[in-house]
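Coordinates in review
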Amino acid sequence: MSQDDHRHDHDHDHDHHHGHGHEHPQSADDPAIRVEAIESLLVEAGLVTPDKIDALVDRYQHDIGPMNGARVVAKAWTDPAYRERLLDDATAAIAELGYGGAQGEKMVAVENSDEVHNLVVCTLCSCYPWPVLGLPPSWYKSHEYRSRAVREPRAVLAEFGTELSTDTEVKVWDSSAEIRYLVLPQRPEGTDGLSEDELAALVGRDSMIGVRMAGAGTADGVDS
Ligand code: FE
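Residues numbered from 1 in each chain as written. Predicted model: local features only at pLDDT ≥ 70, side-chain atom pairs only at ≥ 80, totals over all residues. Heavy atoms only, no water.

Here's the deal with the pairing of strand β4 (residues 180-184)
The element β4 is largely enclosed, with a buried count of five among its five residues. Here β4 shows a buried face lined by R180, L182 and L184 and a second buried face lined by Y181 and V183. By the bridge criterion, five bridges tie strand β1 (residues 107-111) to β4 in an arrangement that is parallel. Directly across from M107, in β4, lies its bridge partner R180. (Buried < 20%, exposed > 50% of the residue type's maximum accessible area, 1.4 Å probe, protein only. Helix = DSSP H or I, 4+ residues; strand = E, 2+ residues; numbered from the N terminus. Pairing = 2+ DSSP bridges.)

With respect to the environment of E196
Of note, E196 is situated in helix α11 (residues 196-200). Distance from E196 to W77, taken between C-alpha atoms, is 8.3 Å for residues 119 residues apart in sequence.

Examining the packing of helix α4 (residues 66-78) against helix α5 (residues 80-88)
The N-to-C vectors of α4 and α5 enclose an angle of 125°; their axes lie 5 Å apart at closest approach. One way to sum up the angle between α4 and α5 is to call them oblique. For the pair formed by α4 and α5, the contact residues are V72, K75, A76 and T78 on the first element and P80, Y82, R83 and L86 on the second. When its residues are assigned to classes, the contact of α4 with α5 shows five nonpolar, one polar and two charged. (Axes fitted to C-alpha atoms, helices over the stretch in contact; angles between N-to-C directions. Parallel < 35°, antiparallel > 145°, perpendicular 65-115°, else oblique. Contact = heavy atoms within 4.5 Å. Nonpolar A, V, L, I, M, F, W, Y, C, P; charged D, E, K, R; others polar.)

Brief notes about a negative patch on the surface
Together, D114, E115, E189 and D192 make up a negatively charged patch on the protein surface. With respect to the helices, strands and loops of the structure, E189 is situated in the loop between β4 and α11. Relative accessible area serves as the criterion here: at 76%, E189 is assigned to the exposed category. (Patch = residues over 30% accessible without salt bridge, like charges linked within 9 Å, V, L, I, M, F, W, Y side chains within 5 Å. Areas by Shrake-Rupley, 256 points an atom, 1.4 Å probe, with all protein chains shown as cover. Salt bridge = Lys/Arg side-chain N within 4 Å of Asp/Glu carboxyl O. Lys, Arg positive; Asp, Glu negative; His and termini not counted. Charge placed at Lys NZ, Arg CZ, Asp CG, Glu CD.)

What about the coordination of the iron ion?
Taken together, the protein ligands of the iron ion are C122 (SG), C125 (SG) and C127 (SG), with distances of 2.2 to 2.3 Å. Taken in sequence order, the residues that donate to the iron ion follow the motif C-x2-C-x1-C. For the pair C122 and C127, one class covers both residues: buried. (Donors = N, O, S within 2.8 Å, 3.2 Å for Na, K, Ca; no water.)

Topic: unusual backbone geometry
The backbone of Q103 shows a phi angle near 65°, a positive value even though the residue is not glycine. Position of Q103 relative to the elements: it lies in the loop between α6 (90-96) and β1. Classification of Q103 as partly exposed rests on a relative accessible area of 27%.

Digging into the nonpolar core
Generally speaking, soluble globular proteins have nonpolar side chains that are buried together. Formed by 47 residues in total, the largest nonpolar core has its most connected members in V72, L86, I94, Y140, Y145, L182 and I209. Ignoring any residue separated from it by four or fewer positions in sequence, one finds L86 in contact with V72, A76, A93, I94, A109 and L184. (Core = buried A, V, L, I, M, F, W, Y, C linked by side-chain atoms within 4.5 Å.)

Some words on the pattern of salt bridges
The tally for this structure, following the rule as stated, stands at nine salt bridges. Linking R83 and E111 is a salt bridge whose minimum nitrogen-to-oxygen distance equals 2.6 Å. In this pair, R83 is assigned in helix α5 and E111 in strand β1, connecting sequence segments 28 residues apart. Its salt-bridge partner being R148, residue E144 comes within 3.3 Å of it at the nearest N-O pair. Of this pair, E144 and R148 both sit in helix α9 (residues 143-151), separated by four residues, roughly a single helical turn.

A word on the confidence of the model for the protein
In this model, the protein carries an average pLDDT of 83, and 81% of its residues clear a pLDDT of 70 or more. For residues 1-25, every residue scores under 50 in pLDDT, and the model assigns this stretch 45 contacts once sequence neighbours within four places are set aside. Confidence drops under a pLDDT of 50 for residues 218-224, and excluding neighbours within four residues, the segment shows 22 contacts in the predicted structure. (pLDDT = per-residue confidence, 0-100.)

What follows is the structure in structure tokens.
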């Protein structure tokens, strides 16, 4: 089966209704509203403080956040055998670096090149690989991004400042409860002498979602 066939099947088979809520935004079933309600109740009951919740969110955004994914990418750039393993079985390769768990049980890595540019979306809600990227930015969860990423990916990319050659094929991957995607961005030009740590610093969250190039105005941990 070619990759194109796979994507086709995925779009149609991917069942967002199993074990994963996809309620209408703005309804009482909206997870964000429910979370807010639960937070209010917990604070009222004196079980937590808003500060503690903020600290937890901050931890996901900064510590467990996109730096994990950046380390995966930097290792793939510098270690060809690791790159192979990542593209072959991303879940296992990511686990080699100690990352995994909830919202990242089945990971797939897709590699950008001059020929192909990969872009990740969750058309139905906000499925996102938490163990490598932390919490999703608000734009990723927006109705606008979820619908436009599929319909007009090049226009969306251009708004992020990512202009692709017309020769470059754009592949859009629809995340689901079952599969989460990590984009392996292209290694920027002129980075041959850099260490793995220095390379990781060039890898922003947005480049691993596929809306930006690595090294191009990244937005690690910033909900932009
Ligand atoms: Fe989803």
